[in-house]
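Structural features, examined
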Amino acid sequence: MRSIPRPFWLVLAFLLACGVRFYGLGTLPLNDEEARLALQAWKIAQGMRVPLDSQVLYLHPTAALFFLFGAHDFMARFWPALSGSLLVLLPWFWRRQIGERPALFLAFFLALDPGMVAISRQANAWMPAMLNLALCVTAWERKRYAWAGIFAALALLAGLPTWEGLFLLAVSVGIYALLQQKPIPLSMKIEAFQEASLPFLMTLLLGGTLFFASPAGLGAIWNAPSELWHSWITPRATLTQMFLVWLGYEIFPFLLAIGGLLSGIMNRKWLVPLLILFLLPLFFPGRAPVSWLWSLGLLLFLAAHVAERLVQDLAPHPALIFGGIISSPLMTFIALQLAGIASNPYHPINSQPLNLSIPFLQLSVPVLPLRWMAIVGAALLWIASLSLIGIEWGWKPLGHALALSFSLLLSLYTLGSTWSASGLRTRDGAELWCLTQAPAQGRVLEQSIGELSLWHSGHRQGEMVLLAGWAEPPAGLEWLLRNHPLEVSQGFSPATLDGRYVLVITPQIAPEALPAPYRGQAFLTSSRPASSIGAADMLGWLFFRRLPLEKAHIILWVRSDLFDYKTTSSGR
């Protein structure tokens, strides 16, 4: 039978990557962090002059999309999703160095990794920065120096993500060189830099100014060092949240990589840079899960090699067969029991200890709750069965069977995490790759304001909306209302409202704070995971993505006479 050509698998990986990145890309509203950048791009498309962030590689291409196709949530996330999809093709250009089969495994890991999918679906320059840095290294290695200069300029235009990535990589390489007590060999040719310099400068000039339509972008990229320092000193994620990110999204490739390094499948020299890239972001007060993007590349590279070796060594063996037959259902049973505990940790079957009676001693000894006893019993049965298999047929094939069983179970969990990371698994779930959650009731608020405006003015976007009580309104709220006439009032006083405004939005205040002619309705527009997370919360998040959230509400106030049919009819 003729084998399937390997480029077919590469195309399949790319199509899978596009599917999980583009499906429902505009379904969730932008959160405050995404909306802040999207608003800047939208104002550039409108011809306004505004202060810009350093992530010019996101702002200028997105502004071009907004100018051509209109400002939508899908368009705001288009370039990051495309960058994440194209990154899947990159391992094929390194197939001579790493091998064709590991390159294909790496392509699938990049396509379906939860972290890669989550960051690819965020409206920022993190994924374009990683793609262009990787393309720059690839072009340089293949002696295409002009292209390397172009990709280096594009990476520099990404701003903050590139500076953070280069810093983390430089520190990792430096520490690794010190531990190895030998310099890192680098080949630098003056001719190569000369060939790359002109494309670099031209790309920087044209991309940084959007072909001279937005000259401020060229200066904005140099804000990156100050933004990097600010991001490091501003607290964002707790250590518990960072631990949950690694456990809930990346446990499968992490265990594969560490297992391969410790067992000798991969050269142990990779262990030090992997641990440095993993641990270094934890030491900054402004730690954030997205900083692990740069360790994901190395992690998935190692995991792909180990997975390819496990599949290559797959051969029929009694220990492999019986070990897999026993391990798979018992691990599934244990996982289902843990899911039952996570669904309701305070149910008596999960929390109330059973009393074990000993008649001849007339004692009643409290033991574990029923579900925990089932887990302990299944674990003991599993250990006893595997011990017998190892004694009879050998421990090495048994270890292979365990690795395959764990890999199968964890790969299914990782696929579920990938779907969760896309934000489409559950609307009220908490995803941790971006701590600021999408506004849960943003679409409802947008639709309500549109209908009220239509009812009063005859146009869905024709009514003035007063944003009162903010020096600077939340970016997510401003993005939702970008097509409405807006007026911002920092010094808000209820007494100053004389009925001129039909629609008023304020932070959450007491209902009596506005005059009688107004009616109010609260909307949940912003949330983030709580800083304090207990063990029961962790288990609930690992299985159901449930966490206690710190929520922020706004109130939409509507002038009462809008609901008076006679007044409204005469006004129209």
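Residues numbered from 1 in each chain as written. Predicted model: local features only at pLDDT ≥ 70, side-chain atom pairs only at ≥ 80, totals over all residues. Heavy atoms only, no water.

With that settled, the discussion passes to the overall build of the protein chain. Each helix and strand counted, the protein chain has 26 helices and 7 strands in total. Relative to its full complement of 572 residues, the protein chain shows a buried share of 47%. (Helix = DSSP H or I, 4+ residues; strand = E, 2+ residues; numbered from the N terminus. Buried < 20%, exposed > 50% of the residue type's maximum accessible area, 1.4 Å probe, protein only.)

For the pair helix 1 (residues 6-22) and helix 7 (residues 100-112), the least separation of the axes is 8 Å and the interaxial angle reads 10°. What the angle tells us is that helix 1 and helix 7 run roughly parallel. From helix 1, Arg6, Trp9, Leu10, Leu12, Ala13, Leu16, Ala17, Val20 and Arg21 reach across to helix 7, where they touch Glu100, Arg101, Leu104, Ala107, Phe108, Leu110, Ala111 and Leu112. Class assignment of the residues belonging to the contact of helix 1 with helix 7 gives a composition of 13 nonpolar, no polar and 4 charged. (Axes fitted to C-alpha atoms, helices over the stretch in contact; angles between N-to-C directions. Parallel < 35°, antiparallel > 145°, perpendicular 65-115°, else oblique. Contact = heavy atoms within 4.5 Å. Nonpolar A, V, L, I, M, F, W, Y, C, P; charged D, E, K, R; others polar.)

Two faces belong to every sheet, and in a regular strand the side chains alternate between them. Inspection of the sheet shows strand 3 (residues 465-468) paired to strand 4 (residues 486-489) by 4 bridges, in the parallel sense. The residue of strand 4 that forms the bridge with Leu466 is Glu487. Read as a crossover between parallel neighbours, the route from strand 3 over helix 24 (residues 475-480) to strand 4 is right-handed. (Pairing = 2+ DSSP bridges. Right-handed = clockwise from strand over helix to strand, strands pointing away.)

In terms of burial, strand 5 (residues 503-507) is a largely internal element, 4 of the 5 residues being buried. Where strand 3 and strand 5 come together, 3 bridges link them in parallel fashion. Pairing of Val465 across the sheet is with Leu503, part of strand 5. Pairing analysis gives 5 bridges linking strand 5 to strand 7 (residues 549-559), with the strands arranged antiparallel. Within the sheet, the bridge partner assigned to Thr506 lies in strand 7 and is Ile555.

Within the secondary structure, Glu463 is located in the loop between helix 23 (442-457) and strand 3. Buried within the structure, Glu463 lacks any salt-bridge partner; Arg559 is the closest side chain of opposite charge, at an N-O distance of 6.7 Å. In this structure the side chain of Glu463 is engaged in a polar contact, spanning 2.8 Å, whose partner is the side chain of His456. Discounting residues that sit within four places of it in the chain, Glu463 has contacts with Ser453, His456, Ser457, His484, Pro485, Val502 and Leu503. (Lys, Arg positive; Asp, Glu negative; His and termini not counted. Salt bridge = Lys/Arg side-chain N within 4 Å of Asp/Glu carboxyl O. Polar contact = N/O pair within 3.5 Å; in protein donor to acceptor, adjacent residues only side chain to side chain.)

Time to look at the nonpolar core. Ranked by internal contacts, the top residues of the largest apolar core, which has 106 residues, are Phe66, Met116 and Trp479. The element best represented in this core is helix 18 (residues 293-312), accounting for 13 residues. If you look at the next biggest cluster of nonpolar residues, it comprises 16 residues, including Leu503, Ile505, Val558 and Leu562. (Core = buried A, V, L, I, M, F, W, Y, C linked by side-chain atoms within 4.5 Å.)

Mean pLDDT over the protein chain stands at 85; residues scoring 70 or higher make up 89%. Of all secondary-structure elements in the protein chain, the lowest mean pLDDT belongs to helix 26 (residues 565-571), at 46, while helix 5 (residues 78-87) reaches the highest, 97. pLDDT under 50 marks residues 566-572. Its contacts with residues more than four places away, or in other chains, come to 8 contacts. (pLDDT = per-residue confidence, 0-100.)

Taken together, the side chains of Ile4, Phe8, Trp9, Leu12 and Leu16 make up a nonpolar region of the molecular surface, amounting to roughly 420 Å² of accessible area. Tracing the sequence through the fold places Trp9 in helix 1. For Trp9, a relative accessible area of 33% gives the class partly exposed. (Patch = residues over 30% accessible without salt bridge, like charges linked within 9 Å, V, L, I, M, F, W, Y side chains within 5 Å. Areas by Shrake-Rupley, 256 points an atom, 1.4 Å probe, with all protein chains shown as cover.)

With that settled, consider the pattern of salt bridges. By the definition in use, this model includes 8 salt bridges. The salt bridge involving Arg77 is made with Glu34; its shortest N-O contact spans 3.1 Å. Placement of Arg77 in the loop between helix 4 (73-76) and helix 5 and of Glu34 in helix 2 (residues 32-45) is noted, with a sequence separation of 43 residues between them.

In this model helix 12 (residues 190-209) runs 28 Å from its N-terminal to its C-terminal C-alpha over 20 residues, within 8% of the 28 Å that 1.5 Å per residue would give. The sharpest bend along helix 12 comes to roughly 30°, located at Ser197, with the proline Pro199 sitting one to four residues further on. Within helix 12 the residues assigned to the buried category are Ala192, Ala196, Pro199, Thr203, Leu204, Gly208 and Thr209. Of the surrounding secondary structure, the elements contacted by the buried residues of helix 12 are helix 3 (56-69), helix 9 (126-141), helix 10 (145-157) and helix 13 (216-220). Backbone geometry just after helix 12 places Leu210 at a positive phi near 55°. (Expected span 1.5 Å × (residues − 1). Bend = angle between axes of the 7 residues up to and from the residue.)

Taken as a whole and assessed by the stated rule, the structure comprises 22 aromatic pairs. Here Phe22 and Phe78 contribute two aromatic rings whose centre-to-centre distance is 5.7 Å and whose plane-to-plane angle is 55°, an arrangement assigned as tilted. With a gap of 56 residues between them, Phe22 in helix 1 and Phe78 in helix 5 connect regions that are remote in the sequence. For the pair Phe167 and Trp232, a centre-to-centre distance of 4.8 Å together with 55° between the ring planes defines the contact as tilted. Of the two residues, Phe167 is situated in helix 11 (residues 160-180) and Trp232 in helix 14 (residues 224-233); the sequence distance between them amounts to 65 residues. On the basis of relative accessibility, which here comes to 13%, the residue Trp232 falls in the buried class. (Phe/Tyr/Trp six-rings, centres within 6.5 Å; stacked < 30°, edge-to-face > 60°.)

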